[in-house]
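Structure assessment
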Amino acid sequence: MPSPRTRRLIADEQVLERRLRGWPRITITGKAGMPPELYRFTYRIRGLYLAGSGEILERDAHVLEVNLSLGYPRRAPQCRMLTPVFHPNFDDSMVCIGDFWAAAEGLDDLIIRIGRMIAYQEYNTKSPLNGLAAKWAAQNAHLLPVDTGVIAPPSERENQARDIPAAPAQPAIPPPLPPPPTETLETGADPWSEKIVIE
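Right, let's walk through the structure included here. (Residues numbered from 1 in each chain as written. Predicted model: local features only at pLDDT ≥ 70, side-chain atom pairs only at ≥ 80, totals over all residues. Heavy atoms only, no water.)

To continue, consider the overall build of the chain. Helix and strand counts for the chain come out as four helices and seven strands. When the helices and strands of the chain are read in sequence order from the N terminus, they spell out α-β-β-β-β-β-β-α-α-α-β. Sorting the 199 residues of the chain into buried and exposed places 37% on the buried side. Long-range pairs, those at least 24 residues apart, make up 60% of the contacts in the chain with a sequence separation of at least 6. Approximately 12,500 Å² of the chain is accessible, and the part contributed by carbon and sulfur atoms is 55%. (Helix = DSSP H or I, 4+ residues; strand = E, 2+ residues; numbered from the N terminus. Buried < 20%, exposed > 50% of the residue type's maximum accessible area, 1.4 Å probe, protein only. Contact = heavy atoms within 4.5 Å. Areas by Shrake-Rupley, 256 points an atom, 1.4 Å probe, with all protein chains shown as cover.)

Encoded structure:
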């Protein structure tokens, strides 16, 4: 009979494969071990990185490596980015997940949470791994999140609901038109059009 750890690794693989199947924003791009103890994930999420010139720039693809060490699941997975990320809770060697990891948490939920972190939908400036990124995030909260899209794939229940034919639409009274704007705003303004340089 397999050990509790082996059963957990098998369950993690099955849940990850099922939950991420067909979801373009997070894909499993590598596995090692039987059952897998090492994963590589690719995120198609807008995030930030620090260029050699000191500019904070966007990138749309990120690669994460997750190592499920012998202490897993009692100990948190060892997570590190293989592509640069400018974020308060990431550094060159690890992603800070210790504040919210519990053995009962699913590996799939952790992978999605890291995606939200890359997008700056979640970040913690109180105990940062990257103090410079924490300072920048605190000063530029109006620019965040960097990616406002949905990170998690739809649940099985949501997928089933989409397959059920919708009830015939009832005629509705159109809502009143909004009042005209009192001031004009520049349309199409992109908050990232200006380069940000850290001095």
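Before going further, it helps to spend a moment on the packing of helix H1 (residues 4-20) against helix H2 (residues 107-118). Closest axis-to-axis distance for the H1/H2 pair is 8 Å, and the angle between their directions is 50°. Considered as vectors, H1 and H2 are oriented oblique to each other. Here Arg8, Asp12, Val15, Leu16 and Arg19 of H1 lie close against H2, whose contacting residues are Leu107, Asp108, Asp109, Ile111 and Ile112. Classifying every residue of the contact of H1 with H2 by side-chain character gives five nonpolar, no polar and five charged. (Axes fitted to C-alpha atoms, helices over the stretch in contact; angles between N-to-C directions. Parallel < 35°, antiparallel > 145°, perpendicular 65-115°, else oblique. Nonpolar A, V, L, I, M, F, W, Y, C, P; charged D, E, K, R; others polar.)

A separate point is the sheet that holds strand E2 (residues 38-43). The strand order across the open sheet built from four strands is E1-E2-E5-E6, with neighbouring strands paired in antiparallel fashion. Of all strands in the sheet, those bounded by a partner on one side alone are strand E1 (26-32) and strand E6 (78-81). The average undirected angle you get between the axes of adjacent strands in this sheet is 20°. Relative to E2, E1 is paired through six bridges, and the arrangement is antiparallel. (Pairing = 2+ DSSP bridges.)

What follows is about the nonpolar core. Judged by nonpolar contacts, the single largest core of 30 residues is most densely connected at Phe41, Leu64 and Ile114. Elements with a minimum of two residues in this core: H1, E2, strand E5 (62-67), E6 and H2. If you tally residues by element for this core, the top one is H2, at seven residues. The contact partners of Phe41, leaving out residues within four places of it in the chain, are Leu16, Leu20, Ile26, Thr27, Ile28, Thr29, His62, Val63, Leu64, Val66 and Ile111. With 10 residues, the next largest nonpolar core counts Ile56, Ala137, Leu143 and Val146 among its residues. (Core = buried A, V, L, I, M, F, W, Y, C linked by side-chain atoms within 4.5 Å.)

The next thing to look at is H2. In a regular helix each residue adds 1.5 Å, so 12 residues correspond to 16 Å; H2 covers 17 Å between its end C-alpha atoms and thus fits that length. Along H2, the residues classified as buried are Leu107, Asp108, Leu110, Ile111, Ile112, Ile114, Gly115, Met117 and Ile118. The inward-facing, buried residues of H2 contact H1, E1, E2, strand E3 (47-50), E5 and E6. Among the residues trailing H2, Tyr120 stands out with phi positive, at a value near 65°. (Expected span 1.5 Å × (residues − 1).)

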